[in-house]
Amino acid sequence: MEADFSIQYVNLEVAENLGRHKTNGFSSADALVVRRGAPFRISVQFKERPFNPRTDSLRIKVTLGQLYAVIPVTFSKKSASSSWNAYIEPNNPNFQKLSIFVFPPASASVGSYKLQLSAFTQAGQRSDVVGNFIMLCNPWCTEDSVYIPFEDQREEYVLSDSGLLFMGTPMNLLSRPWSFDLYEPGVLEACLDLLKVSPQHKKNRKRDYLNRASPIYISRIVSAMINSEDDRGVLKGNWTADFKQGVSPTKWTGSEEILSLWAKSGYSPVKYGQCWVFAAVMCTVMRVLGIPCRIVTNFNSAHDTNANLVIEEYYSETGQKLNRSRDSIWNYHVWVECWMSRGDLGPEMDGWQVLDPTPQERSGGVFCCGPAPVKAIKNQRTDMIYDIPFVYAAVNADVHMIILSSQDQVVGFSKDTEKVGSLICTKAIGHPRLQDITGDYKYIKSPTSTLSSRSSTISNRSTLRRAAASKGVTVFLALNKSPVAGEPVIFTVKVGNTQSTPKTLKVHLNAQAKEYNHSPTETFWEKHGVLQLAPMEVKVFQEQILPAQYQPVVGDDLINLAVVLEDIATNEWVLASEEFNIANPELIIQVADENSIVPNKEATALVTFTNPFPHPVRGVLTISGAGLFAGKQQFRMPSLHPGARASQSITLIPSMAGVKMLQASLSLSDSNITIRGFKMIPVNSI
């Protein structure tokens, strides 16, 4: 009697395949995680008798929803790379236990698959075993439409689970740490859930699964699903000052907490997000799905509601900025870029694509934006898809600054063609610093300028340019140095008479607090006077705003500072303005023996804060570190006198090798100031 031929078990060789597919971080997932366009190996153990190639056959069926492919297992590696294939390892001498390589095409759809292996005999006997795997995009595969050529790019834009977001103003940049949490438990599953909860999936599952072969399609779905304006998206936006129903956007430090709350609530939007939170969570989702992604900040970002490429800003006669325009300029706006080929537009549009998940305008009837090729934005190809006119305006609009009289008559006008999109940047590859990518978006006069010289030339150029509003008077406004918390804001005003007659000028100085995306609030500091100028005379005077004057109203917000001059004889008006932020001190993080840290062994970090303010402060210290310890740790900091120092020790138990980010934030009580710090910690393999 012939021995029974059937499958005893199938081993998905998880550890080997995770390493081969650069998916080691997803070892806690319930299923094997692989990338398309690359083979993964499975082992098959047979009962009783071994596999006989002359009389037996093997077949694999892979299923994604209603889609499936049936793959005969052969002895030949050679087959079309555009279709699924499977082959027995040629050097496999043991037919009792076979090694089979399954080769998904580089155009396979992203999602959770079922794998069924069937064994057949000549007599028609059949044996089945089922397993599961998750398919991601593959930036290492030259045939994948998300292929990106250099390993350091793939390390940064696909595998890195932490980064920096840039905020503030070009002259006083703030680096905010963010933990993308790619490998935290539940994050991969939440990212796949996001695709399944989308309206497109609900409407036509088969079409959605088919379309998931395209990163263009996936990125557009994710851009819409990060906000919750049209669907069961991840985040609810809130640009008021009232966050009582949820969490203030400034309090989030990583993506895992947000995605976990969303998934556990049955896909109810998490409250609340603003632009950098939307972008950071989208970056997590795209990297998890295998699509290279980076976060980009556009400083002085225009929101041009009427598409005329002009933003109007209105000021009163005394220098107070008024809320009169539907258009607006955000001091900074944060979006993402994803790397992909654009088969729909042609190879010249391949590369970085802008995607903006912050709900601002509808695209195709839905609150999403992109993918818009950065090359198309630079060359004003507004005939191409998607949303290029909107992004082009965000980085290129002109600013018209208008002075209104008390009767709403226009008494002064100036034009600024370089303020909008004055600095566009992202995190540098492999280093915790900024990379200036302004030249990718627009043609600039000095593409080789460094960050420091670029910052100063932005400031000098803009204020000088804004000065030339009156025929007879020039005014120049400049900060003496980047403002720092606890120190006076010192600035210089330079006024010139360009005519051969003496002048008497009324001088109005005005400072208002403002959020990055709002018009300013009421004036908190002002000064008025009269200035006499002889023919062709230039006068320079210095002013300062004391910490006690700005701290109660500014906190983490910005300051709009303006000077308006009125020529009493000619009734001509001239304006110069500057918007800036106050740099807070940083928390200092030190790690003992930081070059000898290994997984599963305790290490110690010390977080230190020195009070720079002229008054006592107290607050709550929050520590987080994906891959260094689970969850968050919080500590109360008692009242600390000016100049005093407080330290907190933290125990780390790293769970995996790689460079990990330890971040700390100190929320001060009785103010909206948050002090932050971070440290990149290398965890070495044992």
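Remember, it's a predicted structure, so these values are computed and weren't measured experimentally. (Residues numbered from 1 in each chain as written. Predicted model: local features only at pLDDT ≥ 70, side-chain atom pairs only at ≥ 80, totals over all residues. Heavy atoms only, no water.)

Student: Any chance you could explain the pairing of strand β38 (residues 658-668) here in plain terms?
Tutor: Within a regular strand, side chains alternate between the sheet's two faces. With eight of eleven residues buried, β38 lies mostly within the body of the structure. As judged from the six bridges shared by strand β35 (residues 617-624) and β38, these two strands associate in the antiparallel manner. Pairing of Ile 623 across the sheet is with Ala 664, part of β38. The sheet contact formed by β38 and strand β39 (residues 674-683) spans ten bridges and is antiparallel. Across the sheet, Gln 663 pairs through a bridge with Phe 678, a residue of β39. Hairpin connection, β38 to β39: the antiparallel pair is bridged by five residues, and Asp 670 has positive phi, about 65°. (Buried < 20%, exposed > 50% of the residue type's maximum accessible area, 1.4 Å probe, protein only. Helix = DSSP H or I, 4+ residues; strand = E, 2+ residues; numbered from the N terminus. Pairing = 2+ DSSP bridges.)

Student: It is not clear to me how the packing of helix α3 (residues 187-197) against helix α8 (residues 275-288) should be interpreted in this structure. Could you clarify?
Tutor: A pair of packed helices is captured by two measures, namely the crossing angle of their axes and the spacing between those axes. The contact between α3 and α8 brings their axes to 10 Å, and the two run at 95°. With respect to their mutual orientation, α3 and α8 come out roughly perpendicular. For the pair α3 and α8, contact is made by Val 187, Leu 188, Cys 191 and Leu 194 and by Thr 284, Val 285 and Val 288, respectively. Considering only residue class, the contact of α3 with α8 consists of six nonpolar, one polar and no charged. (Axes fitted to C-alpha atoms, helices over the stretch in contact; angles between N-to-C directions. Parallel < 35°, antiparallel > 145°, perpendicular 65-115°, else oblique. Contact = heavy atoms within 4.5 Å. Nonpolar A, V, L, I, M, F, W, Y, C, P; charged D, E, K, R; others polar.)

Student: Hey, could you run me through the environment of Leu 174 in this one?
Tutor: As for its position among the elements, Leu 174 is in strand β11 (residues 172-179). The sequence separation of Leu 174 and Asn 581 amounts to 407 residues, and the corresponding C-alpha distance is 9.1 Å. Not counting residues within four places of it along the chain, the set of residues in contact with Leu 174 comprises Leu 165, Phe 166, Met 167, Gly 168, Asn 581 and Ala 583.

Student: Would you explain unusual backbone geometry in this entry?
Tutor: Most peptide bonds adopt trans geometry, and most residues besides glycine take a negative phi value. For the bond from Lys 271 to Tyr 272, the omega torsion is 10°, close enough to zero to count as cis. Structurally, Tyr 272 can be placed in strand β13 (residues 270-273). Look at the link from Ile 385 to Tyr 386: it is a cis peptide, with omega at 5°. Within the fold, Tyr 386 resides in the loop between α9 (374-378) and α10 (388-396). The phi angle at Gln 380 is positive, at roughly 50°, despite the residue not being glycine.

Student: What exactly am I supposed to notice about the side chain of Arg 342 here?
Tutor: By the element assignment, Arg 342 lies in the loop between β17 (328-340) and β18 (351-355). Among the polar contacts made by the side chain of Arg 342, one reaches the side chain of Gln 353 at a distance of 2.8 Å. Discounting residues that sit within four places of it in the chain, Arg 342 has contacts with Ile 216, Met 349, Asp 350, Gln 353, Pro 371, Ala 372, Pro 373, Ile 385 and Tyr 386. (Polar contact = N/O pair within 3.5 Å; in protein donor to acceptor, adjacent residues only side chain to side chain.)

Student: How should I be thinking about the sheet that holds strand β31 (residues 558-567) in this particular structure?
Tutor: Taken in spatial order, the four strands line up as β29-β28-β31-β32 in an open sheet, and their pairing is antiparallel. One side of each edge strand has no neighbouring strand; the edge strands of this open sheet are β29 (523-533) and β32 (572-581). Ignoring which end each strand starts from, the neighbouring axes of this sheet average 15° apart. Summarising the sheet, strand β28 (residues 503-514) and β31 pair through ten bridges and their orientation is antiparallel. Residue pairing for β31: Lys 514 is matched across the bridge by Leu 558. Across the sheet, helix α13 (residues 547-554) lies against β28, β29 and β31, angled at about 140° from β29, the strand it touches most.

Student: Sorry, what's going on with the sheet that holds strand β26 (residues 473-479) here?
Tutor: Strand pairing within a sheet occurs via backbone hydrogen bonds; the two strands may be parallel or antiparallel. The strand order across the open sheet formed by three strands is β26-β27-β30, and the pairing between neighbours is antiparallel. The outermost strands of the open sheet, each flanked by one partner alone, are β26 and β30 (538-545). Adjacent strand axes in the sheet meet at a mean angle of 20°, parallel and antiparallel pairs treated alike. One ladder, built from eight bridges, connects strand β27 (residues 489-497) with β30; its direction is antiparallel. Each bridged residue has a counterpart across the sheet, and for Val 493 the counterpart in β30 is Phe 541.

Student: Would you mind going over the nonpolar core with me for this structure?
Tutor: Across soluble globular proteins, nonpolar side chains have a tendency to be buried as a group. Ranked by internal contacts, the top residues of the largest apolar core, which has 107 residues, are Ile 60, Trp 84, Ile 100, Phe 133, Val 222 and Trp 276. Per-element tally for this core: the top contributor is α8, with twelve residues. Judged by nonpolar contacts, the second largest core, of 56 residues, contains Phe 491, Leu 509, Val 591 and Ile 623. (Core = buried A, V, L, I, M, F, W, Y, C linked by side-chain atoms within 4.5 Å.)

Student: Is there a simple way to think about a positive patch on the surface in this case?
Tutor: Among the surface-exposed residues, Lys 196, Lys 202, Arg 205 and Arg 232 lie close enough to one another that they form a single positively charged patch. Here Arg 205 shows up in helix α5 (residues 205-211). Here Arg 205 falls in the partly exposed class, since its relative accessible area comes to 46%. (Patch = residues over 30% accessible without salt bridge, like charges linked within 9 Å, V, L, I, M, F, W, Y side chains within 5 Å. Areas by Shrake-Rupley, 256 points an atom, 1.4 Å probe, with all protein chains shown as cover. Salt bridge = Lys/Arg side-chain N within 4 Å of Asp/Glu carboxyl O. Lys, Arg positive; Asp, Glu negative; His and termini not counted. Charge placed at Lys NZ, Arg CZ, Asp CG, Glu CD.)

Student: Looking at this structure, I do not really get the packing of aromatic side chains. What am I missing?
Tutor: In this description, an aromatic ring pair is defined by two values, namely the gap between the centres and the angle between the planes. Summed over all chains, the structure comprises 22 aromatic pairs. Ring geometry for Trp 84 against Tyr 113: centres 5.8 Å apart, planes inclined by 55°, an arrangement best described as tilted. Residue Trp 84 is located in the loop between β5 (67-74) and β6 (85-88), and its partner Tyr 113 is located in strand β8 (residues 111-120); the two are separated by 29 residues in the primary sequence. Note on Trp 330 and Tyr 516: the rings are 5.6 Å apart at their centroids and 85° apart in plane angle, and the pair reads as edge-to-face. (Phe/Tyr/Trp six-rings, centres within 6.5 Å; stacked < 30°, edge-to-face > 60°.)

Student: Help me understand helix α7 (residues 255-264) in this model?
Tutor: It helps to recall that an α-helix has 3.6 residues per turn; residues three or four apart then point in one direction. Residues of α7 that are buried include every one of Ser 255, Ile 258, Leu 259, Ser 260 and Trp 262, and no others. The elements touched by buried residues of α7 are β11, α3, α6 (215-226), β12 (235-237), β13 and α8. Taken from the residues just after α7, Gly 266 is the one with a positive phi, measuring 80°.

Student: Is there a simple way to explain the confidence of the model for the protein in this structure?
Tutor: The predicted coordinates ought not to be read in detail in places where the model reports low pLDDT. The share of residues in the protein with pLDDT of 70 or more is 95%, and the mean pLDDT across the chain is 92. Low confidence marks residues 447-469, where pLDDT is under 50. Its contacts with residues over four positions away, or in another chain, come to 48 contacts. (pLDDT = per-residue confidence, 0-100.)

Student: Looking at this structure, I do not really get the environment of Ile 148. What am I missing?
Tutor: With respect to the helices, strands and loops of the structure, Ile 148 is situated in the loop between β9 (126-136) and α2 (151-159). In this structure Ile 148 comes out as buried when scored by relative accessible area, which is 0%. Separated by 144 residues in the primary sequence, Ile 148 and Pro 292 have C-alpha atoms spaced 7.6 Å apart. Beyond its immediate chain neighbours, meaning those up to four positions away, Ile 148 contacts Pro 139, Gln 153, Arg 154, Tyr 157, Pro 292, Trp 339 and Trp 352.

Student: Honestly, the state of the cysteines in this entry has me stumped. Any pointers?
Tutor: By definition, a disulfide links two cysteine residues through a covalent bond between their sulfur atoms. Taken as a whole and assessed by the stated rule, the structure comprises zero disulfides. A disulfide-free cysteine, Cys 191 has its sulfur positioned 11 Å from the sulfur of Cys 283, the nearest such atom. Accessibility expressed as a relative area gives 0% for Cys 191, which makes it buried. As a non-bridged cysteine, Cys 293 has Cys 338 as the owner of its nearest cysteine sulfur, 3.7 Å distant. (Disulfide = S-S within 2.5 Å.)

Student: Would you mind showing me how to read the side chain of Asn 227 here?
Tutor: One can find Asn 227 in the loop between α6 and β12. Residue classification places Asn 227 among the buried residues on the basis of a relative accessible area of 0%. Within the structure, the side chain of Asn 227 is placed 3.2 Å from the backbone nitrogen of Glu 229, a separation counted as a polar contact. At a separation of 3.0 Å, a polar atom in the side chain of Asn 227 contacts the main-chain carbonyl oxygen of Phe 367. Once residues lying within four places of it in the same chain are set aside, the contact partners of Asn 227 are Gly 233, Val 234, Leu 235, Phe 278, Pro 357, Pro 359 and Phe 367.

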